[in-house]
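Close look at the chain arrangement
The residues making up each chain are set out below.
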Protein chains: 4
Amino acid sequence: MLDLQQLINGVYDDLQSSVGQGRVADYIPELAKVDPRKFGIAVTTLDGETVSVGDADESFSIQSISKVFALTLALGKIGDGLWRVGREPSGTAFNSIIQLEQEQGLPRNPFINARAIVVADILLAGHKPREAIGEILRFSRFVANDETVSIDPDVARSEQATGFRNVALANYMRSFGNIKHPTELTLGVYFHQCAIEMSCRQLSHAGVFLANGGRDPHTLQSIVSHERARRINALMLTCGHYDGSGDFAFRVGLPGKSGVGGGIMAIAPGRASIAVWSPGLNAQGNSMLGTRALELIAQRTGWSVFGP
Amino acid sequence: MLDLQQLINGVYDDLQSSVGQGRVADYIPELAKVDPRKFGIAVTTLDGETVSVGDADESFSIQSISKVFALTLALGKIGDGLWRVGREPSGTAFNSIIQLEQEQGLPRNPFINARAIVVADILLAGHKPREAIGEILRFSRFVANDETVSIDPDVARSEQATGFRNVALANYMRSFGNIKHPTELTLGVYFHQCAIEMSCRQLSHAGVFLANGGRDPHTLQSIVSHERARRINALMLTCGHYDGSGDFAFRVGLPGKSGVGGGIMAIAPGRASIAVWSPGLNAQGNSMLGTRALELIAQRTGWSVFGP
Amino acid sequence: MLDLQQLINGVYDDLQSSVGQGRVADYIPELAKVDPRKFGIAVTTLDGETVSVGDADESFSIQSISKVFALTLALGKIGDGLWRVGREPSGTAFNSIIQLEQEQGLPRNPFINARAIVVADILLAGHKPREAIGEILRFSRFVANDETVSIDPDVARSEQATGFRNVALANYMRSFGNIKHPTELTLGVYFHQCAIEMSCRQLSHAGVFLANGGRDPHTLQSIVSHERARRINALMLTCGHYDGSGDFAFRVGLPGKSGVGGGIMAIAPGRASIAVWSPGLNAQGNSMLGTRALELIAQRTGWSVFGP
Amino acid sequence: MLDLQQLINGVYDDLQSSVGQGRVADYIPELAKVDPRKFGIAVTTLDGETVSVGDADESFSIQSISKVFALTLALGKIGDGLWRVGREPSGTAFNSIIQLEQEQGLPRNPFINARAIVVADILLAGHKPREAIGEILRFSRFVANDETVSIDPDVARSEQATGFRNVALANYMRSFGNIKHPTELTLGVYFHQCAIEMSCRQLSHAGVFLANGGRDPHTLQSIVSHERARRINALMLTCGHYDGSGDFAFRVGLPGKSGVGGGIMAIAPGRASIAVWSPGLNAQGNSMLGTRALELIAQRTGWSVFGP
């Protein structure tokens, strides 16, 4: 039988010589302060049990991984009409504005920044920014099964002060009428959502409903339908790593979503949810060591969705 | 227990009212002659048994589905160095030339036309065109387990006479040195490869090694390694349907490869290979009814790689 | 001898049947209120004399024509280093953001919006926004030889409230460090500059220094050097009408700059400056009747720079 | 009074220290053989008299300058309908294929390769390739007033053997139906047209009809109408130097057309035609020393169309 604790210990040990590689995100000053040698892994199986190794209990900024939770919430709010706008891989960098012009201000998929800002705009409807942020935070705590999950106000402020590219994207979409609220409010929600902090342990638990047909393993409560869980997984596989999505599918073979804080959440449908964290990024903005760890875990467990 | 024959019969019946929808490819004159009301389904399980319904024994032009077999052969010939050039979704139409300029003549992935022409160029190395075509045909017969698989010379000629866009792509890549042979020879191989004809029954058998960890279910002979089968599946999932790849992953949830002849080959890893054929295409050039049939089959079998 | 008054009267009369054609700019609410049947022409010769016909004494929003005056001022402030960033036709629409990404946030030429915002940013250096706006207005009055030239605060406010695309451009450039001040200050200057109002009579006088080797015809004072006047004229010819610049050169054959308010200022070097105004625009955002009037004037005077 | 001989002698002397700079075109093997230190200037005034200095009597490959003569001929053949397809600066490199896809295979202006191939296709209509080539050669001899102008068969062959990018462009346009003849025939005409050889003396004479309102200065015969000469000049100014067109207008201020053989033909309307030759090219593919020579000539003569 598969001894998961031993397996992730092995992966953790085998990668020690690579710890510290890659480049820590520095466009957000707060993120640049993180120790590049941090490395944690956690795996939560369908019974809700979690095994972990390394810095798995230390909180980090989940950044774009929050797009999965915001999308899940927004689907609950407005239903599958949200998919209407597209779910194609963009083939371009995460903050590209070119495709936005060619396609009349309608961003390709919910995991590139532009469309994630649209999702934040949807969550803002009928609310004050503070309420929308509260709703996202409550949902994150609920799926992580941990009330201590929080938002780092310094990171949110840091993004607000330097996120000119996101301000550009939001205003560009507003010029096409695809953002409905004043952009500073919508971006306020978005920047706070990106500043949510979780540990690997919390994050792997937060993803397990997607491995479990949409259901919380403890309460057995349905968070999303089977079909919706499947679709979110499909989107993560094709679009979860920006213009490195094809490479991640090829090497790891699991749906996943990365953030520039160095975290990745990966889903093995019917098996488990996996969270890894290592701040050094590759050229596409995905955790270098984290990707490698997931590749080894997928190989050694045989969990790739593309075959053993 | 799952009665596959009954299940595909049900899908076939449920879709009768949609038969004939979509637009038959007409840019190749020979393809335009096909009866738009054809509709066939075949499923081959890991024991090598095949069930089928409708026009599943009638041959059709597999077109771009042949890219999977050519890629498999080329990997055997030059090894994993072939992947070097990329495996990212292109985010653009199948015959786009824009990305080729932006990326200095190096096409994104082996399933867009440009890169498939590079694969044909690799298969041509050290051979005469006739020999390279013969090798692809022999391999197709071998995986289909049927010596009657053949090439339609009229379709090959038709493509050769009208495939100006492919001539453009090949010469464009040649100008960057990415095509090594005279373009008319390389394209001769490519056009003949696209003109391979198979029935759904033959095609579902031809794909089953990809569902079976790279192994032929009858002979148990390994055609490709586990790892390579997984990677080919990953590529089909992210790039197998041009700029409709994200949508196919979202709706069907299986690796697949379509051709403008109206065929689709889909792989359910660890379960089965599925072939569908219906000539009417959607806006992205993928079989409209075929996609719908695969969506229903995935739903009713629970075979989606993204969860039940 | 050329009787200019009679000549423009003739052009004015010959075009009466076309008055009201084209589409008035409506993306700025204040501009949408203008009467589409307005039509004025004024010509100022090198001796400083002006002839005019139609609504030539009525003020209109000069919009992008102000880019010529702002550029002239900025050249005086920082010198020819300003040209460093480029002077190539963009080949794209006036508010395109695509080229900006492909070229790392450095806009092509000073007459597309993005680079005009950079020019406003240069004029802001060392000043409060109010002072920079005052400087542009004073210069406009000086070249127009008329102290009544003013800024319409409603138009400036209207642009500020709806100019999401320009906010996007400014923030996008800021993300590359090409805008040095807070974008709301820089855009404040830019939006006020665009809201300058002139009549055809004032505008034709304001351009005559460019026809006269950089010199004011009354005071004979040098406003810019011969060489700089020539270069500004060259830029107007190649880039003055967005993606309609080639067409304007082809049909009219004079350096010119248009604004979405329906005005065009054209320069016949060594002869005269011409201002036309008609609010209906063509597909490229240039005055439809204004372009036609300039085409007839160039034909009948033989003033095209490309030969009689 | 202007002593032209003395003036060009001065320019020639002043630039001696820069002779040999730039990079000789090497993508066509025959062109790479040319001595990079060649440098010639010739000026033909409206009375048909020519002054010259340096290597002004040595033949060189005029390459893209031939597009002006082919365009003139094609306008005579099918009339102004030829302009229908566009005359906007492309803003991109001379052999770009991106714009072609974005604009459905219709190239921007007659001076980028793609559209020049369309012009060759027009000249081929109703003829054998040999006849079309003969017609272009006869016209070139006629305007150069010299029966010794010829085509270098080695250069034509060299282009045919290596011009993959042009083969790509032609086939791409053929796929949209914008090339009417087999591409190998159309390209045969195009490659031979580019291989025309002239000396500076011949070339400056060949352009003088464009400075003279369309009329041959010796015979006073009209080659094209006033209006057509003006329009060809306008096109040369906005599009004659690929993505260096704006820079050439800014620095030189004259309509001109360059070729990768290192020649430039410039037109000073109402004054003269100027030909320069120096094989070293700048980054945009235009003669580096030739551009500098024209800049000095324009300064010292005051012939810029944008003012003295």
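Residues numbered from 1 in each chain as written. Chains lettered and ligands numbered in written order. Predicted model: local features only at pLDDT ≥ 70, side-chain atom pairs only at ≥ 80, totals over all residues.

Points about the environment of Lys77 of chain C
Residues and elements named next belong to chain C. By the secondary structure assignment, Lys77 is in helix α3 (residues 66-78). Using a count of 14 C-beta atoms within 10 Å as the deciding quantity, one classes Lys77 as partly exposed. Through-space distance from the C-alpha of Lys77 to that of Ala132 is 12 Å; in sequence the pair is 55 residues apart. Each residue touching Lys77, except ones within four places of it in the same chain, is listed here: Ile122 and Leu123. (Helix = DSSP H or I, 4+ residues; strand = E, 2+ residues; numbered from the N terminus. Buried ≥ 20, exposed ≤ 12 C-beta atoms within 10 Å, placed from the backbone. Contact = placed C-beta atoms within 7 Å.)

A short note on the pairing of strand β9 (residues 272-277) of chain A
Residue and element names in this part refer to chain A. Of all 6 residues making up β9, 6 are buried, and the element is well covered by its neighbours. Here β9 shows no split at all, with Ala272, Ile274 and Val276 on one side and Ser273, Ala275 and Trp277 on the other all buried. Relative to β9, strand β2 (residues 40-45) is paired through 6 bridges, and the arrangement is antiparallel. Paired with Thr44 across the strands is Ser273, a residue of β9. Bridging between strand β8 (residues 263-268) and β9 involves 6 bridges; their strand directions are antiparallel. Counted as the bridge partner of Ala268 is Ala272 from β9. (Pairing = 2+ DSSP bridges.)

Remarks on helix α9 (residues 183-194) of chain B
Residue and element names in this part refer to chain B. With 12 residues, α9 extends 16 Å from end C-alpha to end C-alpha; this agrees with the ideal 16 Å at 1.5 Å per step. Among the 12 residues in α9, 10 count as buried, and that is most of the element. Taken as a whole, α9 has its buried residues at Thr183, Thr186, Leu187, Gly188, Val189, Tyr190, Phe191, His192, Gln193 and Cys194. (Expected span 1.5 Å × (residues − 1).)

Focus: unusual backbone geometry
The backbone of Asn145 of chain C sits at a positive phi, close to 55°, despite the residue not being glycine. With a phi close to 60°, Leu220 of chain D is a non-glycine residue in the positive phi region. Mapping Leu220 of chain D onto the fold places it in the loop between α10 (200-211) and α11 (226-239). Residue Leu220 of chain D is classed as exposed on the basis of its C-beta count, with 9 C-beta atoms lying within 10 Å.

Details of the domain arrangement of chain A
Residue and element names in this part refer to chain A. Structurally, chain A comprises domain 1 (4-61 + 198-301) and domain 2 (64-196). Relative placement of domain 1 and domain 2: their C-alpha centres are 20 Å apart. Taken together, the contacts link 31 residues of domain 1 with 30 residues of domain 2. Of all the secondary-structure elements, those providing two or more residues to the side of domain 1 that touches domain 2 are α2 (29-32), α10 (200-211), α11 (226-239), β7 (256-258) and β8. Partitioning the side of domain 1 that touches domain 2 into residue classes produces 16 nonpolar, 11 polar and 4 charged. (Domains from an automatic or database assignment. Nonpolar A, V, L, I, M, F, W, Y, C, P; charged D, E, K, R; others polar.)

Topic: the sheet that holds strand β2 (residues 40-45) of chain C
Residue and element names in this part refer to chain C. Pairing is antiparallel in the open sheet, where 5 strands are placed in the order β3-β2-β9-β8-β7. The open sheet has two edge strands, β3 (50-54) and β7 (256-258), and neither has a second partner. Across the sheet, the axes of successive neighbouring strands diverge by a mean angle of 10°, strand direction being ignored. Here 5 bridges tie β2 to β3, and the two strands are oriented antiparallel to one another. The residue of β3 that forms the bridge with Thr44 is Thr50. The sheet contacts of helix α10 (residues 200-211) involve β2, β3, β8 (263-268) and β9 (272-277), and relative to β9 the element is tilted by about 150°. (Axes fitted to C-alpha atoms, helices over the stretch in contact; angles between N-to-C directions.)

Brief notes about the packing of helix α6 (residues 129-144) of chain A against helix α9 (residues 183-194) of chain A
All names here are of chain A. It is the contact of α6 with α9, at a shortest axis distance of 9 Å, that shows an interaxial angle of 25°. Considering the angle they form, α6 stands roughly parallel to α9. Note on packing geometry: the crossing formed by α6 with α9 is right-handed. On the side of α6, the interface is formed by Pro129, Ala132, Ile133 and Ile136, while α9 contributes Leu185, Gly188, Val189, His192 and Gln193. Taken together, the residues of the contact of α6 with α9 sort by class into 6 nonpolar, 3 polar and no charged. (Parallel < 35°, antiparallel > 145°, perpendicular 65-115°, else oblique. Left-handed = near helix turned anticlockwise from the far one by under 90°.)

Things to note about the environment of Ala211 of chain B
All names here are of chain B. Tracing the backbone through its elements, the reader meets Ala211 in helix α10 (residues 200-211). Counting along the chain gives 76 residues from Ala211 to Glu135, while the straight-line C-alpha distance between them is 23 Å. If sequence neighbours within four positions are ignored, Ala211 has contacts with Leu46, Ile267, Ala268, Pro269, Gly270, Arg271, Ala272 and Ser273.

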